[in-house]
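One-letter residues, chain by chain:
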Amino acid sequence: MAVATRGSRGGSTFRGLFSFRIFISAMFSLLFIATLSVLFTNNPSTSNDESDLPTTGNAYVQRTFLALKSDPLRTRVDLIHQQAKDHIALVNAYGAYARKLKLDISKQLKTFDELARNFSDIALKPVYRKSLFESDGPIDEDVLKQFEKEVKERVKIARLIIVEAKENYDNQLKIQKLKDTIFAVHESLAKAKKNGALASLISARSIPKSLHCLAMRLMGEKISNPEKYRDEGPKPEFEDPALYHYAIFSDNVIAVSVVVRSVVKNAVEPWKHVFHVVANRMNVGAMKVWFKMRPIEGGAFLEVKAVEEFAFLNSSYVPILRQLESEKMNQPENATNDGNMKNAKSLSMMDHLRFYLPDMYPKLYKILLLDEDVVVQKDLTGLWKIDLDGKVNGAVEICFGSFHRYAHYMNFSHPLIKEKFNPKACAWAYGMNIFNLDVWRREKCTDNYQYWQNLNEDQTLWKAGPLPPGLITFYSTTKSLDKSWHVLGLGYNPSISMDEINNAAVIHYNGNMKPWLDIALNQYKNLWTKYVDNDMEFVQMCNFGL
């Protein structure tokens, strides 16, 4: 019984295995028959337009097998034809995109259209159409080679034109090219600005031939007629505090004469005005001869002195002189830090004379400082009547927004500057400043200036120049004046309103484009030249060209 049972089970297993093998064999047979049917089925009728044949998926596989059966070269024809069709589509796409963007490249659009037509015309040539696309017989290999050559030539031309045109259509390339162009322009602009600033600085710091000529002729006149130009003794008006006193520090003879003439011509009572002109030893003689030959009109008074006549201005008392004489300040690399340090020692001292006004004129109560590059257009006596509210300096503020604040002129990373001053404090302008000398003496402003100037021997607090130490010296002792008293920028800004200029009491040619230079701004030059004494014989002889 047990044996019968095992035998029954074994027979059942054998029959199952046999049935499975039959099933597998049948499946392989069906697959083989299906493959043969694909291989030996007749090729369906060829369409008249070969370009319409399917080129993807099972249909393309079917045609490839048929081509291999009939002629191996037919596959090559299909591939070349497909390459031509792809480039037709690519050329048409670029042409359509150009039309969509409405680019002004009609020549390029015409080229795209011609390329597309040339590709289509190849397949339409009778010799190719008859031999390659409409014939079911063997393909002539020479014809195929000629067809391939023509297609490849057009493909090469199309690719070259597309590469050339791609920059016009590819936004990323256009953006990158624009960035590169902007960068190159910025580099060129920065270089041009640097060269322009250097050229402007050289022009501004150089002595024009006309000024040199004038100084030489004035000195020649003094040498020829020494008896006419003997120094006169001091006049009591020079120390009379009841009069209106001006301080002008300059070596430029014609510039000083313009300042003085413009003050006098616009003064209501010119005989009450006294001018104190200080020049260096080399130019003081020419300055004295000028004002001897061309006396001031209206009865105004003028004295000319050399810096060296103020005996207290020596290196033991004046820090800037001591620093200029030191080896560190005379090194060329330090001299390039600021334009002022490029001047001679005496001229640098001329820039700092303003800090010693109470010592220079001990009997005066008030004095008006005028720079050499200003023109006075109105009577200035009102400045002496302004109540300075116990301040030392009356000046016009020049800050607007974040510009011309104390942070612009001083090094606020230095702890001494950071501790004592507000970086957002408003700066004011030199050029026209009314000083109360009594309050100056009481506040000991000169001592304060010298203290800070000594600390700045290595120029770590501020760069060289008179304005930063002035901002420090008169930090809490400056009263802001109405802006109509003093309009600045005529030496660098071509956009100043003429209404603002005409309403100003004093206009200032601060900047490198001084009115006596060829680089002056023409729209402002006549405001200065109308006060030039053109009747003076040496001005005509020296060809100022004003």
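Every chain is numbered on its own, with residues counted from 1 as its sequence reads. Only residues with pLDDT of at least 70 get local features here, since the model is predicted, and only at 80 or more are side-chain atom pairs given and counted; chain-wide, interface and lining totals rely on the full set of residues. With hydrogens and water stripped out, all remaining heavy atoms of the structure feed into the side-chain values.

Caption draft 1: View of the nonpolar core. To define a nonpolar core, start from buried Ala, Val, Leu, Ile, Met, Phe, Trp, Tyr and Cys residues and group those joined through side-chain atoms within 4.5 Å. For the exposure calls, accessible area comes from a 1.4 Å probe over protein chains only, and a residue counts as buried if that area is under 20% of its type's maximum, exposed if over 50%, partly exposed in between. Membership of the largest hydrophobic core comes to 69 residues, with the highest contact counts inside it found for Phe275, Leu370 and Leu380. Here a strand is any run of E in DSSP of at least two residues, a helix any run of H or I of at least four, and the numbering for each starts at the N terminus. Ranked by residue count, the leading element in this core is helix 9 (residues 253-266), at nine residues. Residue contacts are defined here by distance: any two heavy atoms, one from each residue, within 4.5 Å place the two residues in contact. When neighbours within four sequence positions are excluded, leucine 370 is seen to be in contact with Tyr246, Ala247, Ile248, Val259, Val263, Val376, Gly431 and Met432.

Caption draft 2: Quick peek at the state of the cysteines. Two cysteine sulfur atoms make up a disulfide if the distance between them is within 2.5 Å. Overall, the coordinates contain two disulfides when judged by the stated rule. With a sulfur-sulfur separation of 2.1 Å, cysteine 213 is cross-linked through a disulfide to cysteine 542. Here cysteine 213 and cysteine 542 share a disulfide; its torsion about the S-S bond, -75°, makes the bridge left-handed. Here the residue cysteine 213 occupies a position in helix 8 (residues 209-224), and cysteine 542 occupies one in the segment after helix 22 (537-541), the gap between them amounting to 329 residues. Of the two residues examined, cysteine 213 and cysteine 542, each falls in the buried class. Between the sulfur of cysteine 399 and that of cysteine 426 lies a disulfide, 1.8 Å long from S to S. Where cysteine 399 bonds to cysteine 426 through sulfur, the torsion about that S-S bond is close to -105°, and the disulfide is left-handed. Linking cysteine 399 in the loop between strand 6 (393-395) and helix 15 (406-409) with cysteine 426 in the loop between helix 16 (415-420) and strand 7 (432-436), this pair joins segments that are 27 residues apart in sequence. On the basis of relative accessible area, cysteine 399 is assigned to the buried category, the value being 17%. On the basis of relative accessible area, cysteine 426 is assigned to the buried category, the value being 15%. Here the bonded cysteines of the protein are numbered in sequence order, and their pairing is 1-4, 2-3.

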